[in-house]
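Per-entry structural report
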Amino acid sequence: MKFMNKNFIKRKIYKNLPCGIRLKALRFLLPAMNLELDNIIFRTAATPEDYLAAFNLVYKVFVRTGYTKPGPTPFRLAPQHCHPDSRIFVGMCKDSGKIIYSVSIFPDSDKGLPMDMEFREQLDALRSQGRFIAEAGHLAADPEFKMNTMNIPMLGNKILYQYATQYLGADDIVITTHPRHCWVYEDLLLFERIGQI
């Protein structure tokens, strides 16, 4: 017999509720998001040090979680980071200047998106409808600074969304995520699944 923890059981019950009830329950259960984080500022990566710190944070978090294997250099980046309209948004401690959060946004181009490696068919289906897509990825938050809240990633998501929709003019933002995090993106951020695990 398999042991099921309380959170797993709650999610199972939650997933079986009708959509309308799920959304109402979600709004009731979610804590209010704090838009004023005293010691953390969000901005675009602007200096070589910002870029290296962001790439290093993503590498460390991805290795720690098992999303990638350790490599010869302690950085994780994609060729699409070189696109002139790609951006890295970072959260930084005001006191120390340490980058504790990073997320990248990549506009679609003739070079494609990082997701094209696994989900080309699904992305081409969106492209064939004349939709302009952007991919969010390389998301990492320093575990020491999560503060047991979702404030830091949610504020980062808000900045990324505004850039993608208002500056890039994206019709869709696409992501890849680990299966155990799907419920966060589908239930909290209202993403729709377009590809298989």
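First, a word on what this report is: a plain description of the structure on this page. Every value quoted in this text rests on a predicted model; they were computed, and no experiment measured them.

**Things to note about the pairing of strand 4 (residues 133–141)**
Along strand 4, 8 of the 9 residues are buried, which leaves the element largely enclosed by surrounding structure. Direction of pairing for strand 3 (residues 99–107) relative to strand 4: antiparallel, over a ladder of 6 bridges. Bridge pairing links Ser102 to Ala140 in strand 4.

**Structural notes on the nonpolar core**
Ile105, Leu160 and Ile173 are the most contacted members of the largest nonpolar core, which totals 17 residues. The set of elements that each furnish at least two residues to this core consists of strand 2 (87–93), strand 3, strand 4 and helix 5 (151–167). With near-sequence residues (within four places) excluded, Leu160 lies in contact with Phe89, Val103, Ser104, Ile105, Ala136 and Ile173.

**Regarding the pattern of salt bridges**
What the rule picks out here adds up to 8 salt bridges. Among the salt bridges present, the one from Asp142 reaches Lys98, with a minimum N-O distance of 3.1 Å. With Asp142 in the loop between strand 4 and helix 5 and Lys98 in the loop between strand 2 and strand 3, this pair connects stretches of sequence that are 44 residues apart. Classification of Asp142 by relative accessible area gives buried; the value is 8%. Here Asp172 makes a salt bridge to Arg131, at a shortest N to O gap of 2.5 Å. One end of the pair, Asp172, is in strand 5 (residues 172–174); the other, Arg131, is in the loop between helix 4 (116–128) and strand 4, with 41 residues separating them in the sequence. Connected through shared salt-bridge partners, Asp108, Asp116, Arg120, Asp124 and Arg127 make up one network.

**Here's the deal with helix 4**
The end-to-end C-alpha distance of helix 4, which contains 13 residues, comes to just 14 Å, noticeably less than the 18 Å that a straight helix rising 1.5 Å per residue would cover. The largest bend in helix 4 comes to about 45 degrees, at Gln122. Along helix 4, the positions that sit buried rather than exposed are Asp116, Phe119, Leu123 and Leu126. The inward-facing, buried residues of helix 4 abut strand 4 and strand 5. Of the residues trailing helix 4, Gly130 is marked for its positive phi of about 80 degrees.

Rules and cut-offs
- Residues numbered from 1 in each chain as written.
- Predicted model: local features only at pLDDT ≥ 70, side-chain atom pairs only at ≥ 80, totals over all residues.
- Heavy atoms only, no water.
- Buried < 20%, exposed > 50% of the residue type's maximum accessible area, 1.4 Å probe, protein only.
- Helix = DSSP H or I, 4+ residues; strand = E, 2+ residues; numbered from the N terminus.
- Pairing = 2+ DSSP bridges.
- Core = buried A, V, L, I, M, F, W, Y, C linked by side-chain atoms within 4.5 Å.
- Contact = heavy atoms within 4.5 Å.
- Salt bridge = Lys/Arg side-chain N within 4 Å of Asp/Glu carboxyl O.
- Expected span 1.5 Å × (residues − 1).
- Bend = angle between axes of the 7 residues up to and from the residue.

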